[in-house]
Amino acid sequence: MAATYIILMGVQGAGKGTQAKKLAEELHLPHITTGGLFRGMGQDTPLGRQIQEMMKAGHLVPDDITIQVVRERLKQPDTAKGAIFDGFPRTRPQAEALDTLLKEFGGKVTVVPFFNLPREVGIRRITDRMECSVDASHVYNLNTNPPRVDGYCDIDNALLKRRADDTPEAAARRIDLFYQETGPLFDYYRQRGVLVEIDADQPIETVTEVLKKVVNAAVKHEK
Ligand code: AMP
């Protein structure tokens with residue numbers, strides 16, 4: 001069976017990360033998030049420090065660094081059956097590099113669900129976001145998905161914190177950057193017949209159901 005490569009697209013705050021986690025569990029595929037990979041590089045090396053600075057300022061990390069980090073990640077054996085990309089690709093050179101990489105692995109992009117969300121809703125969602133200080137994959141939203149106990153993670157009781165780059169200014173900048181930098185990818189993937197738009201301004205469970213249908217249809221189509 002062909003490997004399944006899914007690219008989740010949408011502005012920050014559209015729920016990509018939350019949906020990616022659910023989808024990864026359901027399909028037993030690794031969830032590859034470039035933001036997470038970059039944050040995991042820490043501050044110990046000059047490259048790590050340079051990346052953290054760019055993230056804090058709301059700038060994109062240069063394509064060559066980003067592509068190299070993804071290439072290394074795709075070499076790991078857990079990606080043999082495919083992967084779910086979240087936050088990558090963000091630019092046309094990254095999309096082209098990914099096509100080349102996947103070809104090397106004998107695969108191609110299966111489907112690109114695009115979570116569509118109004119700008120103001122996106123900014124509010126980002127500034128309301130909190131994550132677990134022990135495991136950053138435990139993410140909450142003070143309005144739409146609050147923790148059971150204020151300020152603490154439901155799963156491991158650790159303190160919740162705001163990401164350094166989740167200020168309203170950085171959020172607005174990232175959303176505008178998304179349309180500037182990533183906008184051209186809509187056409188890129190539309191032309192390949194893999195882009196599917198999903199209304200992200202709906203409850204998490206509704207979006208999950210729609211996403212499952214979209215992915216199942218694409219996987220069946222590819223078989
Ligand atoms: P995210 O966790 O997806 O919101 O990403 C946080 C930050 O990491 C972004 O604001 C960028 O600075 C950087 N970043 C993540 N993914 C990429 C990418 N594909 N290309 C360039 N920069 C990225």
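Position labels on residues start from 1 in each chain and follow its written sequence. Where totals are concerned, whole chains, interfaces and linings use all residues; where local detail is concerned, this predicted model gives features only for residues with pLDDT of at least 70, and gives and counts side-chain atom pairs only at 80 or more. Heavy atoms from the whole structure form the basis of all side-chain values; hydrogens and water molecules are not counted.

Asks: How do you make sense of the overall build of the protein when you look at a structure like this?
Replies: When helices and strands are tallied, the protein shows 8 helices and 8 strands. For the protein, the C-alpha atoms occupy an extent of roughly 45 × 40 × 35 Å along the three principal directions. Whether a residue is buried, partly exposed or exposed follows from its accessible area with a 1.4 Å probe, protein chains only, as a fraction of its type maximum: under 20%, in between, or over 50%, in that order. Within the protein, the proportion of its 223 residues that are buried is 48%. Of the contacts formed within the protein by residues at least 6 apart in sequence, a portion of 73% connects residues at least 24 apart. Note on areas: these come from Shrake-Rupley sampling with a 1.4 Å probe, and a residue is covered only by the protein chains present in the view. If you sum the accessible surface of the protein, you get close to 11500 Å²; carbon and sulfur atoms cover 53% of it. The helix and strand labels rest on DSSP assignments: H or I over at least four residues marks a helix, E over at least two residues marks a strand, and numbering proceeds from the N terminus. Residue contacts are defined here by distance: any two heavy atoms, one from each residue, within 4.5 Å place the two residues in contact.

Asks: Got a minute to help me understand the packing of aromatic side chains in this structure?
Replies: How two aromatic rings sit relative to each other is set out by the distance from centre to centre and by the angle between their planes. Two rings from Phe, Tyr or Trp (for Trp, the six-membered ring) form a pair when their centres are within 6.5 Å of each other. A pair whose planes differ by under 30 degrees is stacked, one over 60 is edge-to-face, and the rest are tilted. The tally for this structure, following the rule as stated, stands at 5 aromatic pairs. Their ring planes at 50° and their centres at 5.9 Å tell us that F85 and F88 sit as a pair that is tilted. As far as the burial class goes, F85 and F88 line up, both buried. Ring centres 4.4 Å apart and planes at 45° place the aromatic pair F114 and F186 in the tilted group. Placement of the pair is F114 in strand β4 (residues 109-116) and F186 in helix α7 (residues 168-191), with a sequence separation of 72 residues.

Asks: I would appreciate a short explanation of the sheet that holds strand β7 (residues 160-161) in the present structure.
Replies: Working definition: the strands of a sheet are paired by backbone hydrogen bonds and lie parallel or antiparallel to each other. Read across the sheet, 3 strands follow the order β6-β5-β7 without closing on themselves; strand pairing throughout is antiparallel. Of all the strands in the sheet, just β6 (139-141) and β7 have a single pairing partner and so form its edges. Examined bridge by bridge, strand β5 (residues 129-132) and β7 share 2 bridges and lie antiparallel to one another. By the bridge assignment for β7, C132 is matched with L160. Being paired, for any two strands, means DSSP has found at least two bridges between them.

Asks: Looking at this model, I keep getting lost on helix α1 (residues 16-27). Mind explaining?
Replies: Every α-helix carries 3.6 residues per turn, so stepping three or four residues along brings you back to the same face. Across its 12 residues, α1 extends 16 Å between first and last C-alpha, which sits within 8% of the 16 Å expected from 1.5 Å per residue. On its buried side, α1 packs onto β1 (4-10), β2 (31-33), β3 (82-86), β4 and α8 (204-222). Positive backbone phi, at 55°, marks H28, one or two positions downstream of α1. Expected span of a helix: the number of residues minus one, times 1.5 Å.

Asks: What is the right way to look at a nonpolar patch on the surface in this model?
Replies: Where nonpolar side chains cluster on the molecular surface, the patch consists of V149, Y152 and L159 and spans about 290 Å² of accessible area. You can see L159 is positioned in the loop between β6 and β7. Here, patches come from residues exposed beyond 30% relative accessible area and free of salt bridges, joined within 9 Å for like charges and within 5 Å for nonpolar side chains (Val, Leu, Ile, Met, Phe, Trp, Tyr). We define a salt bridge as a contact between a side-chain nitrogen of Lys or Arg and a carboxyl oxygen of Asp or Glu at a distance within 4 Å.

Asks: I'm lost on the sheet that holds β3 in this one. Help?
Replies: Read across the open sheet, the 5 strands follow the order β2-β3-β1-β4-β8; overall the sheet is parallel. Looking at which strands have only one partner, the edges of the open sheet turn out to be β2 and β8 (195-199). Each strand of the sheet is rotated relative to its neighbour by a mean of 25°, with strand direction disregarded. As paired elements, β4 and β8 share 5 bridges and run parallel to each other. The residue bridging N116 from the neighbouring strand is D199, located in β8. Together, β1, β3 and β4 form the strand contacts of helix α5 (residues 92-104), whose direction differs from that of β4 by roughly 145°. Under this scheme, a helix contributes an axis fitted over its contacting stretch, all axes are lines through C-alpha atoms, and angles between N-to-C directions fall in the 0 to 180 degree range.

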